[in-house]
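Take a look at the letters that make up each chain.
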Amino acid sequence: MNCKGVIRELSNYIDGDLDPGLKTELERHLKHCEDCTMIVDQTKKSIEILCDSKPVELPSDVRLRLHAALRQKLGREPT
Ligand SMILES: [Zn+2]
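Note that the coordinates shown come from a computational prediction; the quantities given were computed from them, not determined experimentally. (Residues numbered from 1 in each chain as written. Predicted model: local features only at pLDDT ≥ 70, side-chain atom pairs only at ≥ 80, totals over all residues. Heavy atoms only, no water.)

Summarising the element assignment, leucine 18 is placed in the loop between helix H1 (3-15) and helix H2 (20-32). By relative accessible area, leucine 18 is classed as buried at 9%. Here leucine 18 is in contact with Glu9, Asn12, Tyr13, Lys23 and Leu26, once residues within four sequence places are set aside. (Helix = DSSP H or I, 4+ residues; strand = E, 2+ residues; numbered from the N terminus. Buried < 20%, exposed > 50% of the residue type's maximum accessible area, 1.4 Å probe, protein only. Contact = heavy atoms within 4.5 Å.)

Averaged over all residues, the pLDDT of the protein is 83; the fraction at 70 or higher stands at 84%. Ranking the elements of the protein by mean pLDDT puts helix H4 (residues 60-74) last with 80 and H2 first with 96. (pLDDT = per-residue confidence, 0-100.)

Turning our attention to the environment of serine 11. Examined against the element boundaries, serine 11 turns out to sit in helix H1. On the basis of relative accessible area, serine 11 is assigned to the buried category, the value being 6%. Expressed as a C-alpha distance, the spacing of serine 11 and lysine 44, which sit 33 residues apart in the sequence, is 9.6 Å. Setting aside residues no more than four positions away along its own chain, serine 11 makes contact with Arg63 and His67.

What follows deals with the packing of H1 against H2. Relative to each other, H1 and H2 sit at 125°, their axes nearing to 10 Å. Accordingly, the angle class assigned to the pair H1 and H2 is oblique. Taken as a pair, H1 and H2 cross one another with a handedness that is left-handed. Residues Cys3, Val6, Glu9 and Tyr13 of H1 form the contact with H2, whose participating residues are Leu22, Lys23, Leu26, Glu27, His29 and Leu30. A per-class count over the contact of H1 with H2 returns six nonpolar, one polar and three charged. (Axes fitted to C-alpha atoms, helices over the stretch in contact; angles between N-to-C directions. Parallel < 35°, antiparallel > 145°, perpendicular 65-115°, else oblique. Left-handed = near helix turned anticlockwise from the far one by under 90°. Nonpolar A, V, L, I, M, F, W, Y, C, P; charged D, E, K, R; others polar.)

Closest axis-to-axis distance for the H1/H4 pair is 10 Å, and the angle between their directions is 155°. Judged by the inter-axis angle, H1 sits roughly antiparallel to H4. Between H1 and H4 lies a crossing of right-handed hand. Listed contacts from H4 to Cys3, Lys4, Ile7, Arg8, Leu10, Ser11, Asn12 and Asp15 of H1 are Arg63, His67, Leu70 and Leu74. A breakdown of the residues in the contact of H1 with H4 according to their chemical character gives five nonpolar, three polar and four charged.

Quick look at the structure:
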């Protein structure tokens, strides 16, 4: 899995909805990619603050905005 794949699956990963095979790939990527580790950490923290640590479904507009921001962040990256 590459950085774009991580971003694509990020919300499912954080929600715990990710397919176990994809989750393993994603976590393998995180071990050697500081950028994605930081994005995952920051996203988890933002959601915890947003939801007051309760397991709440991320509203779709928040999810869309998050994805847009992450795409922009990674937009510079060569494919
Ligand atoms: Zn990455």
